[in-house]
Amino acid sequence: MIIGIDIGCTTTKAVAVKEGRVVKTIKTKAFDAVTSATGALGKLMIESDISMSAINSIAITGAGAFKIENNLFGIKTDKVDEITAIGKGGLFLSGKEKLVISNIGTGTSIIEAGKDGIFHIGGTAIGGGTITGLSKELIKATSFDTILRLADKGDLHQVDLLIEDISDSEISFLNKKATASNFGKMLDTASREDIALGIINMVYQVIGMISVFAARSRNLESVLITGNGSNNPIGKKILEEISGIYSIKFEFPLLAEYTTAIGAALK
Ligand SMILES: Nc1ncnc2c1ncn2[C@@H]1O[C@H](COP(=O)(O)OP(=O)(O)OP(=O)(O)O)[C@@H](O)[C@H]1O
Ligand SMILES: [Mg+2]
């Protein structure tokens, strides 16, 4: 059995892979990388009754991986480059031969993966961290569930300048409800709910658009969305709207938030 541990900027994910199958996943959060990695490993072993001797090796990746210098508990521990891990994990979860992956974590990275290799196309520092950071300051909400609950009741007309605000007709292929400027209207009457939706809308519109450009630059028609950002139901809807306009399909695989950890274990 191989254990993959992804120490991300916000959360740590761990998976157990046996004979090419993911047999267990866990998520945890700790203050420092060493506690995250050892805690994740311990939790995984206890929850699924895995003994130390059943583990052949551990593969560590993610932003915090460089802080792990030695083998964990005497088990062979290797470091895997995060971009490679995302690419491998994306290929595994999609079953495709070539694809573009947008990994929405705290920030967002966009990767091309295929037979010819795994390449970092680029990305944006706009990501899940932008949602939590702006929400903390602008709507005084720190729990992700609260942010989603508020956004669910939000009205975008209160914060975003829409095409209908500036034009009597559609502009090119953009319909009247499309955003012309994120937060470009920001009425005095905007509520916390409206602002929460405005934040998520801005983040997913930016990620959606750069994903469209990345896919087009590689002549592909779909993008695999991974990371915890794949599980945001409002974000998903926004990506689906972009999909309708630009004809690029967004795919949301099961285990999306474990892509990086899975890819590390498969390396
Ligand atoms: N329950 C949830 N459902 C969906 N998204 C969530 C949930 N809880 C937190 N998030 C979002 O997920 C983000 C973290 O995602 P993820 O765990 O993939 O990042 P990470 O791997 O720690 O970061 P990075 O890959 O950038 O180093 C948070 O910033 C938050 O916006
Ligand atoms: Mg990550």
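Given the structure is predicted, the values throughout are model-derived calculations rather than measurements. (Residues numbered from 1 in each chain as written. Chains lettered and ligands numbered in written order. Predicted model: local features only at pLDDT ≥ 70, side-chain atom pairs only at ≥ 80, totals over all residues. Heavy atoms only, no water.)

Moving on to the overall build of the protein. Assigned secondary structure in the protein consists of eight helices and 12 strands. Compactness check: the protein gives a C-alpha radius of gyration of 20 Å against a globular reference of 18 Å for 267 residues, within 12% of the reference. Residues counted as buried form 48% of the 267 residues belonging to the protein. If you take every contact in the protein between residues at least 6 apart in sequence, the share linking residues at least 24 apart comes to 59%. Split by element, the accessible area of the protein, about 12,700 Å² in all, is 52% carbon and sulfur. The distance from the centre of the 28 positive side-chain charges to the centre of the 29 negative ones in the protein is 5 Å. (Helix = DSSP H or I, 4+ residues; strand = E, 2+ residues; numbered from the N terminus. Rg over C-alpha atoms; globule rule 2.2 N^0.38 Å. Buried < 20%, exposed > 50% of the residue type's maximum accessible area, 1.4 Å probe, protein only. Contact = heavy atoms within 4.5 Å. Areas by Shrake-Rupley, 256 points an atom, 1.4 Å probe, with all protein chains shown as cover. Lys, Arg positive; Asp, Glu negative; His and termini not counted. Charge placed at Lys NZ, Arg CZ, Asp CG, Glu CD.)

To continue, consider the domain arrangement of the protein. Taken domain by domain, the protein comprises domain 1 (2-79) and domain 2 (98-254). Taking only C-alpha atoms into account, the centre of domain 1 sits 30 Å from that of domain 2. (Domains from an automatic or database assignment.)

Turning next to the packing of helix α3 (residues 128-138) against helix α6 (residues 192-217). The relative placement of two packed helices is expressed as an angle between their axes plus a distance between the axes. Orientation of α3 relative to α6, taken along the N-to-C sense of each, is 155°, at an axis distance of 10 Å. Looking at the two axes, α3 sits roughly antiparallel to α6. The element α3 and its partner α6 pack so that their crossing is right-handed. Residue-level contacts link Thr130, Ile131, Leu134, Ser135 and Leu138 of α3 to Ile195, Ile199, Ile200, Met202, Val203 and Tyr204 of α6. (Axes fitted to C-alpha atoms, helices over the stretch in contact; angles between N-to-C directions. Parallel < 35°, antiparallel > 145°, perpendicular 65-115°, else oblique. Left-handed = near helix turned anticlockwise from the far one by under 90°.)

This paragraph deals with the environment of Asp78. Note that Asp78 resides in strand β5 (residues 77-79). Excluding anything up to four places from it in sequence, Asp78 contacts Ile58, Ala59 and Ile60.

In this section: the packing of aromatic side chains. In the structure shown here, the tally under the stated rule is one aromatic pair. Centre to centre, the rings of Phe173 and Tyr246 are 5.3 Å apart; their planes meet at 80°, and the pair counts as edge-to-face. Here Tyr246 lies in helix α7 (residues 233-246) and Phe173 lies in the loop between α5 (163-166) and β10 (179-181), a separation of 73 residues in the sequence. In this structure, Lys236 is placed above the aromatic ring of Phe252, and the distance from its NZ or CZ to the ring centre is 5.1 Å. (Phe/Tyr/Trp six-rings, centres within 6.5 Å; stacked < 30°, edge-to-face > 60°. Lys NZ or Arg CZ within 6 Å of the ring centre and 35° of its normal.)

As a structural note, the neighbourhood of ligand 1 is formed by 18 residues, with Thr10, Thr11, Lys13, Thr106 and Asn228 the closest of them. With respect to ligand 1, the backbone of Cys9 contributes an N or O atom lying 2.9 Å from an oxygen atom. The side chain of Thr106 places a nitrogen or oxygen atom 2.7 Å from an oxygen atom of ligand 1. Calculation on ligand 1 without its partners gives an accessible area of 660 Å², and the protein chains cover 84% of this total. Mapped by element, the contributors of at least two residues to the shell around ligand 1 are β6 (98-104) and α3. No other element matches the three residues that α3 contributes to the shell around ligand 1. Taken together, the residues that form the shell around ligand 1 break down as three nonpolar, 13 polar and two charged. Split by domain, the shell around ligand 1 shows at least three residues from each of two domains, domain 1 (2-79) and domain 2 (98-254). (Near = heavy atom within 4 Å. Polar contact = N/O pair within 3.5 Å; in protein donor to acceptor, adjacent residues only side chain to side chain. Nonpolar A, V, L, I, M, F, W, Y, C, P; charged D, E, K, R; others polar.)

Let us look at the sheet that holds strand β11 (residues 222-226). If you trace the five strands from one edge of the open sheet to the other, you get β8-β7-β6-β11-β12, paired in mixed fashion. Strands with a single pairing partner mark the edges of an open sheet, and in this sheet they are β8 (117-124) and β12 (249-251). For this sheet the average axis-to-axis angle between neighbouring strands, irrespective of direction, equals 25°. Bridging between β6 and strand β7 (residues 108-114) involves seven bridges; their strand directions are antiparallel. The residue of β7 that forms the bridge with Val100 is Glu112. Of the strands in this sheet, β6, β7, β8 and β11 are in contact with helix α2 (residues 82-94), which crosses β6 at around 115°. (Pairing = 2+ DSSP bridges.)

A few words now on the environment of His120. With respect to the element layout, His120 can be found in strand β8. Residue classification places His120 among the partly exposed residues on the basis of a relative accessible area of 47%. Separated by 77 residues in sequence, His120 and Lys43 place their C-alpha atoms 32 Å apart. Excluding its chain neighbours within four sequence positions, the residues that come into contact with His120 are Ile83, Ser109, Ile110 and Ile111. A polar atom in the side chain of His120 sits 3.2 Å from the backbone oxygen of Gly122.

So, on to the side chain of Asp6. Tracing the backbone shows Asp6 in strand β1 (residues 2-7). A relative accessible area of 3% means that Asp6 is categorised as buried. Setting aside anything within four residues of it in sequence, one finds Asp6 in contact with Thr11, Thr12, Lys13, Thr61, Gly62, Thr260 and Ala261.

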